[in-house]
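Coordinate analysis (summary)
Spelled out from the first residue to the last, the chains are:
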Amino acid sequence: MKKQIQALLLQSLTALQAKQILPISDHVEIKIDNSRGSEHGDFASNIALMLAKPARSNPRELAQNIIAHLPESDLLDHVEIAGPGFINFFLKETAHQAIVAEILDKGDRYGDSDIGANIPTLVEFVSANPTGPLHIGHGRGAAYGAAVSSLLKKTGFDVSCEYYINDAGRQMDILAVSVWLRYLQHCGTDIPFPDNAYQGDYINDIAIKLHNDHAEKFIVNSDNLSALFKEEDAELRIDGLIKYCITQLGDETYRIVFDAGLYSILATIKDDLLGFGVEFDNWFSERSLVSNNTVDQCIEKLTEQSWIYEKDGAQWFRSSELGDEKDRVLIRENGQATYFASDIAYHLSKIERGYEKIIDIWGADHHGYIARVKASLQALDQSPEKLEVLLVQFATLYRGKEKLQMSTRSGEFITLKELQDEVGKDAARFFYIMRKSEQHLDFDLELAKSESSDNPVYYIQYAHARICSVFRQMPDKGYAYNEADSLKDLSTLIEPHEIKLLAMLARYTDVIENAATTYEPHQLAYYLKDLANDFHTYYNANQFLVEDDVIRNARLALIAATKQVLQNGLSLLGVSSPEVM
RNA sequence: GCCCUGGUAGCUCAGUGGAUAGAGCAACCGCCUCCUAAGCGGUAGGUCGCAGGUUCGACUCCUGCUCAGGGCACCA
């Protein structure tokens, strides 16, 4: 609708340019806004205000000229000049009514657009270390990433979703040792358990399963072991334990313990995400980048182009020359590659796999990381603009007024699954998405649990269920509804509440496009709330199942269209549309 | 010190450079003989953190200040 009015305005402006009332300029952006109140019409443009200066005219006079040169259109009832020079467009009722037929015709494809032009797009999100189950903090990234991906798919991007598994590195070794120590305890070895190992009960479960599957295969002489606990520095102590574990068990046997932890936790993560309605196309392993030498090759390339130098026994990347605040280590003094080294290889792989739009969704604590990853792409002769990093602010967890700490290592956290079991998937998904991603999210467990019926998601779902209920009761009242016939009767939709609802339905495609291009799914959430409100108001003001066939059919068609849009929108956010509540 | 985010009604938050700054919760007053009251209508509630600047016009853009959260590793 906006585009059609834009086209009308463009014709008028072109005519004015031909008459030399307006100067010729190559770039005029015609902006059309949805009007705030109905007294300002349906759409408004500030074009006369924008062009008044170059045209050396006053805005109201220019607006008058623009209106005079607008071509005939059967969309518009009339056009007004208001305030300092706004042009307000008042649509004909028939123009509003047409949206019903369009929605019912397109069904779940209503709202689709092709602005994405099939650009190969990779959205990477969650990517939590597989060292423990997902907790509430990860939930926000999951809900946000899933919604952004869905929106991009709807707007014509060719989207794949990916989870990067950090299955290499020290954290994973700590996990393996945690499992091993619990296993030894389970087998009766009398040893302490370090504070900085993973404390969660799930470690015990993995250890017990390890014992069931492999009996006493991982037991070693514990006399030497206890000496390691005398190291006072906690981090050095755990490094010593890792080293001891590997040398005692041997690489292959150590790998069994390591993988037992990794795969068990990964399976839990996949299950939890699936239950949360979040699915990934790829699970990309960091270890695979190491084992197939991609990381080494990357470092070689960088070395060839003199982006690497040696200092203090380590290999450094000159990222500071490419916008980072300082240089970064790629290979540590001990010969091990850093996490950043694999991340360079990972991002290169994203580009080499053909993705032109690469979206990373990270926690806000990683923001300092953006500059170095972009620097690495540039050093590898790739365009850093392909990478867009979206930061999601922290979710701070409260139980009433008490702020809860969340740490995977200490095992003190509420898991995503626990949240889901307590407040339900729909409420949790919507709660996460409601807040702008840059906004800190205070997640009050008590509020989410005890007052979950206040969650706006129920308000929207209720609108959907009410519509279903109307259609369920229709046969009992002796009425039938035929969609094709009803579309002929739309001209009776002229009540103020009906016009308002029609206008709201027509905005949906705009909302989707806007939410997708700005990566702001909360816009859709707020729209759905508004739409539900317009419907509930209409529901209270007018009866749908009335005796008059024409009016009844038109109203049923309108609410059927409303139901469709509610369902389309909710499904993009991963929320169900129940028929009964 | 430097770099991100925020600061809008009592609370939690929306708000494309535009017209009278909005919603939910909380408070108050109404609405079920009627398709689900998990709903609807109304009243009240504001120095849009502070101070400058840009312009026809600023909650929105720029600068400075201030408060809050986060980040500044040979951790991931």
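Residues numbered from 1 in each chain as written. Chains lettered and ligands numbered in written order. Predicted model: local features only at pLDDT ≥ 70, side-chain atom pairs only at ≥ 80, totals over all residues. Heavy atoms only, no water.

1. A few points about the nonpolar core
Threshold: Nonpolar cores were defined as sets of buried Ala, Val, Leu, Ile, Met, Phe, Trp, Tyr and Cys residues, with membership established by side-chain atoms within 4.5 Å. Note on exposure labels: buried denotes an accessible area under 20% of the residue type's maximum, exposed denotes more than 50%, and partly exposed covers the range between, all computed with a 1.4 Å probe on protein chains only. Numbered from the N terminus, helices here are DSSP runs of H or I no shorter than four residues, and strands are runs of E no shorter than two. Here the limits of each domain have been adopted from an automatic or database domain assignment.
Counting residues in hydrophobic clusters, the biggest one holds 129 residues, and the most contacted among them are Val100, Trp180 and Leu524. With 11 residues, helix H22 (residues 549-572) is the largest single contributor of residues to this core. Summarising the domain contributions, this core has at least three residues from each of domain 2 (170-268) and domain 3 (451-572). Judged by nonpolar contacts, the second largest core, of 33 residues, contains Trp307, Leu330, Phe340 and Ala341.

2. Considerations on the sheet that holds strand E8 (residues 308-311)
What counts, and what does not: By this definition, two strands are paired if DSSP reports at least two bridges between them. Lines fitted to C-alpha atoms define the axes here, with helix axes fitted over just the stretch in contact, and angles between the N-to-C directions of these axes take values from 0 to 180 degrees.
One open sheet holds the 3 strands; their spatial order is E8-E9-E10, and the pairing between them is antiparallel. Of all strands in the sheet, those with a lone pairing partner are E8 and strand E10 (328-331), marking the two edges. Strand-to-strand twist in this sheet, taken as the mean axis angle between neighbours without regard to direction, amounts to 45 degrees. Direction of pairing for strand E9 (residues 314-317) relative to E10: antiparallel, over a ladder of 3 bridges. Paired with Trp316 across the bridge in E10 is Val329.

3. Side note on the packing of helix H16 (residues 425-434) against helix H21 (residues 522-541)
Spelled out, the test is: For this classification, under 35 degrees means roughly parallel, over 145 means roughly antiparallel, 65 to 115 means roughly perpendicular, and everything else is oblique. Throughout, a crossing is termed right-handed when the near helix is turned clockwise from the far one, and left-handed when it is turned anticlockwise from it by less than a right angle. In this description, contact between two residues means that some pair of their heavy atoms is separated by no more than 4.5 Å.
The N-to-C vectors of H16 and H21 enclose an angle of 115 degrees; their axes lie 8 Å apart at closest approach. Between H16 and H21, the angle falls in the class roughly perpendicular. Handedness of the H16/H21 crossing: left-handed. Together, Phe430, Ile433 and Met434 of H16 and His522, Ala525 and Tyr526 of H21 make up the contact between the two elements.

4. With respect to the domain arrangement of chain A
Split by domain assignment, chain A resolves into domain 1 (2-91), domain 2 (170-268) and domain 3 (451-572). For domain 1 and domain 2, the distance between their C-alpha centroids amounts to 72 Å.

5. Some words on H16
Burial analysis of H16 places 9 of its 10 residues in the buried class, which makes it a mostly covered element. Restricting attention to buried positions, one finds in H16 the residues Asp426, Ala427, Ala428, Arg429, Phe430, Phe431, Tyr432, Ile433 and Met434. Considering only its buried residues, H16 is in contact with helix H5 (136-154), helix H15 (416-423), strand E15 (441-444), helix H18 (456-473) and H21.

6. Remarks on the packing of aromatic side chains
To keep things clear, this is the line we draw: Only rings of Phe, Tyr and Trp enter the pairing, Trp through its six-membered ring, and a pair is recorded when the two centres are within 6.5 Å. The plane angle decides the type: under 30 degrees is stacked, over 60 is edge-to-face, the rest tilted. The criterion for a charge sitting over a ring is simple: Lys NZ or Arg CZ within 6 Å of the ring centre, and within 35 degrees of the ring normal.
Summed over the entire model, instances satisfying the criterion amount to 23 aromatic pairs. Seen in terms of ring centroids, Tyr538 and Phe544 are 5.0 Å apart; in terms of plane orientation they differ by 50 degrees. Their pairing is tilted. This pair shows no difference in class: Tyr538 is buried, exactly as Phe544 is. Among the aromatic residues, those joined into a ring-pair cluster are Trp307, Phe317, Tyr339, Phe340, Trp362 and Tyr369. Directly above the aromatic system of Phe193 lies the positively charged group of Arg182, at a separation of 3.5 Å from the ring centroid. Just above the ring of Tyr539 sits the side chain of Arg466; from NZ or CZ to the centre is 3.8 Å.

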